[in-house]
Structures are given as structure tokens and as C-alpha cells.
Amino acid sequence: MSFRPLVLMTLYLVCVLVLTLVAGMFSRNWALDSLHDEASDRLLSNVTQLRTALDQYRYLPFVLTQSREVRTLLRLPDADVGGPVDRYLEQINLVAGSSALLVLDLSGWPQASSNWRDQQELLASSQSEKQYFQQAISGHEGREFVQEGRPARAALYLSAPIYDQQDLIGVAAMRLELDKLHEQLPIDYPFLIADMNGKQLFSMNMPATLPSSSTEVLGDGTQVHLLSLDDNPYLMHSVVLDDLQWRVSVLVDARSVGQQQRIVAGSIAGAGFALGLLILYLREKRQKRALQREQARERVLNQERQQDMISTAQVGLINIDAQGIIHFINPMATQLFGVTAESMRDREFSTLIVDDAAGDLLRETLSRLHRTQHEPLTNVETIGQRGDGSLFPMMVSVRGMAHHPELGYLVTVIDISRRKRLEQALREANESLEHKVAERTRALEETQAELVQAGKLAALGRMSAQVVHELNQPLTAIRTYLAIGRRQLENPQMQADNYRQLESLIDRMALITGQLKTFAYKKPEALAPVPVGQSIDQVLGLFRGRFAEMNLQLCYDPPGPDVQLSGDQARFEQVLINLVKNACDAMQGQEPPHRLTLLVSEVGEDISLRVEDNGPGIDAEHREQLFEPFFTTKEVGTGLGLGLAIVHSIVRDLGGDIHVGQGAEGGACFEVTFKRFN
Ligand code: ADP
């Protein structure tokens, strides 16, 4: 709820509350005023009744003063008329309903009493001090209220002087206990008589002591006194009787005041709330009606907007029912199919689809539309048929109206001719590109093959040049020696030397061709166990002479006979021969001592052989070319540069690996690993 209605509602509630309070106050005021009037009326009637009741007794003392027997009794106390006077008083007392009648002499002593039978004490005391006596003796009517007896009871004394021939001879008195008034006052509500000091003299329907009262001033200035008796509220109204010096009060039940106040306040509050609710209801109703009007306006606007969107949409929109009958077709769709909206109305949508496989799927979907579980069809490509019979590719979706299934289905049609054309163009471009790539690849492969061929030829040329170079030397020498030999036919000794030289040259040529042959070896089919220790011993045996010549120190700890590698013994020995020979060649030009270390170790599944010398070592720049064929740093005629190339080729064929590094003493260190034979 917004702020303003909340404030208004709060204000209204406050107003209703204030109105309720004010109405309650006025109703109380009015009720108290009425009650006050009622109490005044009652009091007036009570006072009248009281006065009437008292007036009955007012002349009783005077009646006594007129009695001859009474006067005789007072004149002649010894005349023995006391008895008859007593009885006389008794009768009058009975008839009048007073409490007692007395005849007093001038000194206040009772001479006769109506209660002579049972209240002798009345005769036993002088009344000279009593006010009523004093008033009578002074020639007036006397009146006095006294509280007498046990328990104390309020009594009214009335008196009159008794004259006999102008002489005051005594006083006639009447005693009326106020309780007697009960019988004469028909009052059923609280009634109270108090003296001017507030002392309670007589009460009816009232507790002995009254609680203190509170005073309330009414709107017209009237003061009302309220008090509570037995938890009930009462309004007390009093009047002072000046002649009697009495304050007479009545109490009126004031419960009706509260009830009336509650009824009025409740009615006002109820009416206020009811009015509030009515206002709220009317306001709600008005707002609801305004909202409905707004919604209706919005709906119309929406419909117009939707109609606008449908009409201007760049896709064909067709509304069909469950039987596939067209109910609505938008301008774009009529344009696509080259038809008019009127000609399409109530026609089957399937007549706009050409007969083919994709069209069949669409037709099947359309035939299943009336079933409750219909799967929406999205982006089906098919061929549409225009009104003039021409065809065009289109993409069709069929969906139920999500919020209004009763409105049937919406068919979306998009002309995909342009896309199809682009796809075709793309396909052709792709195909031509693929063709070009294939051609280019083929050309590249040819170029690569030519390059490889050229490389091979270059390597072959390099190798041929080296081989020619290597073989030319001994061939030239052989030719020279043969010429020398022809001339030396007569000197057989010189001929023998010549033949030796020739043999050594032919050996060298055999060595070259033998080493080149190694490259032509085929990789061994099956690998055999090669006892490493045995092969090493074999090779070291070959070099024994050279070691002795060089005074070489050999550090070698032979491995056990079970250390066998997987390979070919002749090839493994060839590897060893090359490495040991190279080490010896390297150390040859060096200052002694010459040291060669051979170390065989087993590393996991591999067997490692380390060949280390204390020669000059290998420059870092040469390490990469070391295993290339014909790389040598040796002088022409001494090295072919094939040794390490052969080693590398053999190690690779046997499934091993070779690394070159620097030894602990600065020489070369070759580490070769082979597969262990299991
Ligand atoms: P060649 O011994 O015929 O020169 P190799 O292929 O056996 O052919 O050796 C190639 C080159 O490797 C050698 O010329 C030499 O410079 C270098 N080389 C091989 N082993 C060692 C070695 N232990 N210490 C120093 N250099 C070596």
C-alpha cells in the first residue's frame, strides 16, 4: 500500500476515535444530567413524604397538653391519677404509632409515660437538660434529635408546654424512633438523613458508612456527586432541610450511565468503522474498475501492437487450426507465396508445400496436430509452392500458441532462397579451394621429393668424393710401386719390399671398402645374448700390442659372465674397437701417462658401457657433427671419419643410445647404453 492512503486511513481512524470519545463524554454528561434530574425528583418526593410522615406526629404533644388528666397529674401529683394517665398515654401512643409519650414536670422529671410497662428507665431520669425540654419550658414547640439506647438509635423528640390557666405546669413530649419511618416511607433505593455535621441519623437500603464521593461538573455547571457501593456506581443528590437541620440524600443507581456511554461510544465507533469499511470498499471497487478499464485499454493497445508486428514482420506468419486449415495469413506470407489473404482463408496449409521428403515430415506433423501431445516442429527446410506454381526453398516452424491453445498453431515461414544461394556459392568456393590445396600439396610433395633426392645425391657425391679421394691415394701409390717394380725386376730384394708396400696399400683399400660395407648391413632380425665381459676381453686382446707401445694404463673391472646385452657380438665388438681406437689415437700425441677407463654397469633394464680417456677431449663445437659420416679432425690418410658414424648406426640398430661428454681428467667420455638380455 502506498504512503498517502495509509496516512488517510490513520487520520480517519484518529477522527473516529476522537468522535467516539467526544460522543461518549456527551452521552455520559447527558445521562448524568438525566440521572441528576431523576434524583432531584426523587428527593423532592422523599422530602415531601418525610415531612408528611413527621407532620402526623407534630400535633401529638399538643394533644397531650389538652388532657385534663395530664394537667391534674401535674397540678396534683399526689392525686393518684398517674395510673390512668399512663394508660391514656399508652393508648394514644399505640394509635399514633409513636415510640413513646411522656409527661414531664417543670423540673424535667417524667410523671407519666406511655411505656410505663416495659421501659421504666424512661421515668428514672430527668429530661431537664434536653434541648426539646428547654425549648418547651421556654414556651415554644420543642424538637430534638438524639441518639439513645444500646445500640444507639436515632430518635426525634417533639415537645409542647402544658399550661393550666396561663400557668406553665409541665411539658408534653413525644418520642419517635426514626426506624418507625421505614414503614411510612415506601422507598426501595438508598436514602439517607444526616445532621449538619454529617452524622448519619437515618438510612434506608444503605450500608452504615458511606464511601467518600467524587464530584463531577456537568456541561451546564451542575455538580454531581458519584460514589461506589458494592462495586456499583451511584449518583448522590442531597438537600438541606433548614427547619430540621437535616441533610437528606438519595442515591440513584448510575450503572445506566456507563452502559449508555458504552452503547453510544460503541455505536459511534461501530458506525465509524462501518463507514470506513464502506469507504474502503467503494474505493477498492472504484480502483478495480479503473484497473479493469486500464487493462482493457492495454489489451486493445497490445492487440493493435501485435497486429502491427504481425503485419510488418519480415517472416511469414500463418495461423492454422488443428486440421491445418488457414485462419490468418500475414502480408509477408502472402507476399512469399504470391497469394492474397482472402484466397488463402479456409484453405489447407499443406497445399503450399511441395511433395518431397522434407515436405512429408511437415505434412505428417500437420496431420498429427489434433492429438493432445504435439511436438513443436522447428526449422524444417522444405520447398514452398507459390500461387503461380513456382517453387522456393523455405524454413518452416510449427508451434502451438503457448498461452491460448484454443487459438490453434502458429506457422512461421522464412524464405531461405538467398541463404541457399550463398550456401551453394560457399560450397563451390570450398570445392575449388580444396582442389587448389590438393594441387599445391602435390607440388610441394614433388618438390620435397626432389629436395630429398638432391640431398641424397649431394651426400652420395660428398661420400664418393671422399671415397675417391681415399682410394686415389693408395691407387696412385700402387701405380707408382708397380712402375718401380717393373724397373726393379732385376733386383729381387727391392721387389720384396715393393710387394710389401703394395700389400699394405691394398689392405688399406680393403679397410675402406670393408667399413663402407657396414652401412649396407641389414639390421639383425633376431637379437642374441652377447656376454659383455667376453667381448671386451676379445677387443682388448687386439689392442694389447698398442697398449704396451703407448705404456697405457687400463682401468677396467670385468663384469660377471651373466651380464649379457641383447644384440650381435660382431657389431658390439666393432663399436668397442672404434671407441678404443679413437681413444688411443687421441692420447697418442699427448704427454704420458695415458689412461683408458672402461666401466660396465647395469642401470635398470639397460647395460651401460663407459669409455673414458685422458686425451685432449672434444671441442663443444665438434660434438654435434661427431656422428656424421666423414667427419674427422685427423690428417688426410689417417682418418676416414666413418668410425663414429658406424658406431652410431650400430647402437641405433641394437635399440641403444650413445652420448659424448667430458671425462673426469678432461678427456673424452663416451657413454653407450644397450638393452639388457633377459
Ligand atoms: P676417424 O677416427 O677416422 O677420424 P671417427 O669417426 O672414428 O673417424 O672419429 C671422428 C673424429 O672424432 C675424429 O677425427 C676425432 O677428431 C674425434 N674423436 C673421436 N674419438 C675421440 C677421442 N677419444 N678423443 C678425441 N677426439 C676423438
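Residues numbered from 1 in each chain as written. Predicted model: local features only at pLDDT ≥ 70, side-chain atom pairs only at ≥ 80, totals over all residues. Heavy atoms only, no water.

A word on a nonpolar patch on the surface
Definition in use: Here, patches come from residues exposed beyond 30% relative accessible area and free of salt bridges, joined within 9 Å for like charges and within 5 Å for nonpolar side chains (Val, Leu, Ile, Met, Phe, Trp, Tyr). Each accessible area value is a Shrake-Rupley result obtained with a 1.4 Å probe; residue values ignore everything except the protein chains displayed when judging cover. A pairing counts as a salt bridge when a side-chain nitrogen of Lys or Arg comes within 4 Å of a carboxyl oxygen of Asp or Glu. Counting from the N terminus, the helices are the DSSP runs of H or I reaching at least four residues and the strands are the DSSP runs of E reaching at least two. Accessible area is worked out with a 1.4 Å probe on protein chains only. A residue is then buried under 20% of its type maximum, exposed over 50%, and partly exposed in between.
On the surface, a nonpolar cluster with roughly 490 Å² of combined accessible area is contributed by L275, L278, I279, Y281 and L282. Mapped onto the elements, L278 comes out in helix 7 (residues 255-312). Given a relative accessible area of 45%, L278 falls into the partly exposed group.

Here's the deal with the sheet that holds strand 2 (residues 110-113)
Here is the rule: Two strands pair if DSSP finds at least two bridges between them. Interaxial angle, 0 to 180 degrees, is taken between N-to-C directions of lines fitted to C-alpha atoms, where a helix line uses only the stretch in contact.
Strands sit in the order 2-1-5-4-3 across an open sheet of five strands; the sheet is antiparallel. Lying at the two open borders of the sheet, with one neighbouring strand each, are strand 2 and strand 3 (142-148). Taken pair by pair, the neighbouring strands of this sheet meet at an average axis angle of 25 degrees, ignoring direction. Both strand 4 (residues 153-164) and strand 5 (residues 167-177) contribute to a ladder of ten bridges, which runs antiparallel.

Considering unusual backbone geometry
Geometrically, the link from P592 to P593 is a cis peptide bond, its omega value of 0 degrees lying close to zero. Examined against the element boundaries, P593 turns out to sit in the loop between helix 15 (569-588) and strand 20 (594-603). Look at Q166: it is not a glycine, yet its phi comes out positive at around 75 degrees.

Considering the site of the ligand
As a reminder, the rule being used: We call a residue near a given molecule or strand whenever any one of its heavy atoms falls within 4 Å of it. Counted as a polar contact is a pair of N or O atoms within 3.5 Å, where, for protein atoms, one must be capable of donating a hydrogen and the other of accepting one, and residues adjacent in sequence contribute only when both atoms are in side chains. Residue type decides the class: Asp, Glu, Lys and Arg count as charged, Ala, Val, Leu, Ile, Met, Phe, Trp, Tyr, Cys and Pro as nonpolar, and the leftover types, Gly among them, as polar.
Near the ligand you find 19 residues, and of these N582, T632, T633, K634 and L644 are the closest. At 2.8 Å, a backbone N or O of L644 approaches an oxygen atom of the ligand. In the complex, 93% of the free accessible area of the ligand, which totals 530 Å², lies under the protein chains. Counting residues per element, the ones that place at least two in the shell around the ligand are helix 15, helix 17 (643-653) and strand 23 (668-675). For the shell around the ligand, the element with the most residues is helix 15, which contributes three residues. Looking at the shell around the ligand residue by residue, the classes come out as ten nonpolar, seven polar and two charged.

Side note on the sheet that holds strand 10 (residues 232-241)
Stated formally: Contact criterion: two residues are considered in contact whenever any of their non-hydrogen atoms come within 4.5 Å of each other.
Reading across the sheet, the six strands line up as 7-6-11-10-9-8 and stay open at both edges, with antiparallel pairing between neighbours. The strands lining the two open edges of the sheet, one partner per strand, are strand 7 (200-204) and strand 8 (214-217). Between one strand axis and the next, the sheet turns through 30 degrees on average, direction left out of account. Looking at chain direction, strand 6 (residues 191-195) and strand 11 (residues 246-253) are connected through five bridges and run antiparallel. Residue pairing across strands places L192 opposite S249, the latter belonging to strand 11. Contacting strand 6, strand 8, strand 9 (223-229), strand 10 and strand 11, helix 1 (residues 3-58) runs over the sheet at an angle of about 135 degrees to strand 11.

Looking at the pairing of strand 12 (residues 316-320)
Summarising burial for strand 12: five of the five residues are buried, a large majority. Side chains of strand 12 alternate between two faces, with G316, I318 and I320 and L317 and N319 buried alike. Relative to strand 16 (residues 409-415), strand 12 is paired through five bridges, and the arrangement is antiparallel. Paired with I320 across the bridge in strand 16 is Y409. Bridging between strand 12 and strand 13 (residues 326-329) involves three bridges; their strand directions are antiparallel. By the bridge assignment for strand 13, I318 is matched with I329. Following strand 12, the chain reverses through five residues before pairing antiparallel with strand 13; G324 in that reversal takes a positive phi of roughly 80 degrees.

Re the packing of helix 13 (residues 532-542) against helix 15
Put simply, the rule reads: For this classification, under 35 degrees means roughly parallel, over 145 means roughly antiparallel, 65 to 115 means roughly perpendicular, and everything else is oblique. Crossing handedness is defined as follows: a turn of the near helix away from the far one that is anticlockwise and smaller than a right angle gives a left-handed crossing, while the clockwise case is right-handed.
The geometry of helix 13 relative to helix 15 is characterised by a closest axis approach of 10 Å and an angle of 50 degrees between their N-to-C directions. The angle between helix 13 and helix 15 falls in the class oblique. The chirality of how helix 13 crosses helix 15 is right-handed. Of the residues in helix 15, those touching helix 13 at V532, Q534, S535, I536, Q538, V539 and L542 are Q569, F572, E573, L576 and I577.

Considerations on the side chain of H594
Here H594 is to be found in strand 20. Within the structure, the side chain of H594 is placed 3.2 Å from the backbone oxygen of M550, a separation counted as a polar contact. A polar contact of 3.1 Å, which involves the side chain of H594, links it to the backbone oxygen of M587. Ignoring sequence-local partners within four residues, the contact set of H594 consists of M550, N551, L552, Q553, M587 and N614.

Side note on the nonpolar core
Defined as follows: Buried residues of nine kinds, namely Ala, Val, Leu, Ile, Met, Phe, Trp, Tyr and Cys, make up a nonpolar core once their side-chain atoms join them within 4.5 Å.
Of all hydrophobic cores here, the largest spans 52 residues; its most connected members are V532, I536, F547, F572, L596 and F670. Per-element tally for this core: the top contributor is helix 15, with eight residues. Aside from chain neighbours lying at most four places away, what touches F572 is V530, V532, S535, L565, L609 and F674. By size, the runner-up hydrophobic cluster in this structure holds 51 residues, among which are L74, L156, L201 and L235.

A look at the pairing of strand 6
By the criterion of burial, strand 6 is predominantly enclosed, with five of the five residues buried. Residues F191, I193 and D195 line one face of strand 6 and the alternating positions L192 and A194 line the opposite face, and both faces are buried. Strand direction decides the pairing type here: strand 6 and strand 7, joined by four bridges, are antiparallel. Bridge pairing in strand 7 links I193 to F202. With antiparallel pairing between neighbouring strands as the criterion, strand 6 and strand 7 make up a hairpin whose turn holds four residues, including G198 at a positive phi of roughly 90 degrees.

Focus: the environment of S99
The residue S99 is located in the loop between helix 4 (82-96) and strand 1 (100-105) in this model. Residue S99 is classed as buried on the basis of its relative accessible area, which comes to 10%. Between the alpha carbons of S99 and L74 there is a distance of 22 Å; along the sequence they are 25 residues apart. Within polar-contact distance, the side chain of S99 engages the backbone nitrogen of E177 at 2.5 Å.

Let's talk about helix 15
What counts is decided by this rule: One fewer than the residue count of a helix, multiplied by 1.5 Å, yields its expected span.
Along its 20 residues, helix 15 runs 28 Å from first to last C-alpha, staying within 8% of the 28 Å computed at 1.5 Å per residue. Among the residues of helix 15, those classed as buried are R571, F572, E573, V575, L576, N578, L579, V580, A583, C584 and M587. For helix 15, the N-terminal capping position is held by D568, with its side-chain oxygen 3.3 Å away from the main-chain nitrogen of A570.

Some remarks on the packing of helix 1 against helix 7
Running from amino to carboxyl end, helix 1 crosses helix 7 at an angle of 155 degrees, the nearest separation of the two axes being 8 Å. Taken together, the axes of helix 1 and helix 7 are roughly antiparallel relative to one another. As for how helix 1 packs across helix 7, the hand of that crossing is right-handed. For the contact of helix 1 with helix 7, the residue count by class is 21 nonpolar, eight polar and two charged.

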